[in-house]
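Listed below, chain by chain, are the residues.
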Amino acid sequence: MSRLYALVLLCCVLLTSCGRMADELREGVRIEGVESFEGHGSSGADLSLRVVNRTSHRLKIRRVELDIFLEGRPLGQILLHEPVTVGRRSCGNVTSRWKFRFPDRMGLYALKQKILRDQTSAIRVNYRVKGRCGWIHANISARGVVLSEFLNTFGVDTQELKKYLE
């Protein structure tokens, strides 16, 4: 009976610490803005974000996939090229390389034109993120997010995006 009690107690402690860790992540990791953006034509871009990680855990983003839709039609994908790591209790720039997959190059052009003309309500994003913080794996995803809402996650508005595209 004492083994069963010890096992139940251990499970309770682990579940409580996982909940605390998830709360710590939500409150402790923040993207403050875009430091730089360097496009590489239609093949991809380098993006540097100002990131604050107040947690005691290293954050590693292993995979990011963004599916881009224009007026309900799929245009292409934007993929994280290689994993990104944010040190624990750190504040600074995190540079990442992104790969564009647009089968029809005109789709990329149409996307750019919609953004430059402030017609972003027709642009939707599906995203999938895989990573880990410490020993906890995280899978985050959403479908049909309006572009402006998606950008707000990173402290960017559509006007700032236009500046990078011009």
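The preceding data block contains the structure.
Here is a short report on the structure shown in this document.

Quick notes on the rules
- Residues numbered from 1 in each chain as written.
- Predicted model: local features only at pLDDT ≥ 70, side-chain atom pairs only at ≥ 80, totals over all residues.
- Heavy atoms only, no water.
- Helix = DSSP H or I, 4+ residues; strand = E, 2+ residues; numbered from the N terminus.
- Buried < 20%, exposed > 50% of the residue type's maximum accessible area, 1.4 Å probe, protein only.
- Contact = heavy atoms within 4.5 Å.
- Areas by Shrake-Rupley, 256 points an atom, 1.4 Å probe, with all protein chains shown as cover.
- Pairing = 2+ DSSP bridges.
- Axes fitted to C-alpha atoms, helices over the stretch in contact; angles between N-to-C directions.
- Parallel < 35°, antiparallel > 145°, perpendicular 65-115°, else oblique.
- Left-handed = near helix turned anticlockwise from the far one by under 90°.
- Salt bridge = Lys/Arg side-chain N within 4 Å of Asp/Glu carboxyl O.

1. Observations regarding the overall build of the protein chain
Of regular secondary structure, the protein chain possesses four helices and eight strands. Along its sequence from the N terminus, the protein chain presents helices and strands in the succession α-β-β-β-β-β-β-α-β-β-α-α. The buried share of the protein chain, taken over its 166 residues, is 36%. Look at the contacts in the protein chain between residues 6 or more apart in sequence, and 59% of them connect residues 24 or more apart. Accessible surface, the protein chain: about 10600 Å² in total, of which carbon and sulfur atoms supply 54%.

2. Some details on the pairing of strand β6 (residues 90-101)
Both strand β2 (residues 44-53) and β6 contribute to a ladder of 10 bridges, which runs antiparallel. If you follow L47 over to β6, its bridge partner there is S96. Direction of pairing for strand β4 (residues 73-80) relative to β6: antiparallel, over a ladder of four bridges. Within β6, the position partnered with L80 by the bridge is W98.

3. Some details on the packing of helix α2 (residues 105-116) against helix α4 (residues 158-165)
Packed helices, taken two at a time, are described by the angle between their axes plus the distance between the axes. Contact geometry of α2 with α4 gives a least axis separation of 9 Å together with a crossing angle of 130°. As the angle between them shows, α2 and α4 are arranged oblique. For the pair α2 and α4, the sense of crossing is left-handed. Of the residues in α4, those in contact with K112, I115 and L116 of α2 are L161, K162 and L165.

4. Quick look at the pairing of strand β3 (residues 59-70)
Sheet analysis places β3 next to strand β5 (residues 84-86), joined by three bridges and oriented antiparallel. Paired with I61 across the two strands is V84, which belongs to β5. Of the strand pairs in this sheet, β3 and strand β7 (residues 123-133) are connected by 11 bridges, and their pairing is antiparallel. Paired with K60 across the bridge in β7 is R132.

5. Section: the pattern of salt bridges
Enumeration according to the criterion identifies eight salt bridges in this entry. The salt bridge involving E71 is made with R73; its shortest N-O contact spans 3.8 Å. Judged on exposure class, the residue E71 and its partner R73 are both exposed. Close ionic contact of D118 with K162 constitutes a salt bridge, the shortest N to O distance being 3.3 Å. Taken together, the residues D118 in the loop between α2 and β7 and K162 in helix α4 connect sequence positions 44 residues apart. Look at D118 and you get partly exposed, because its relative accessible area is 44%.

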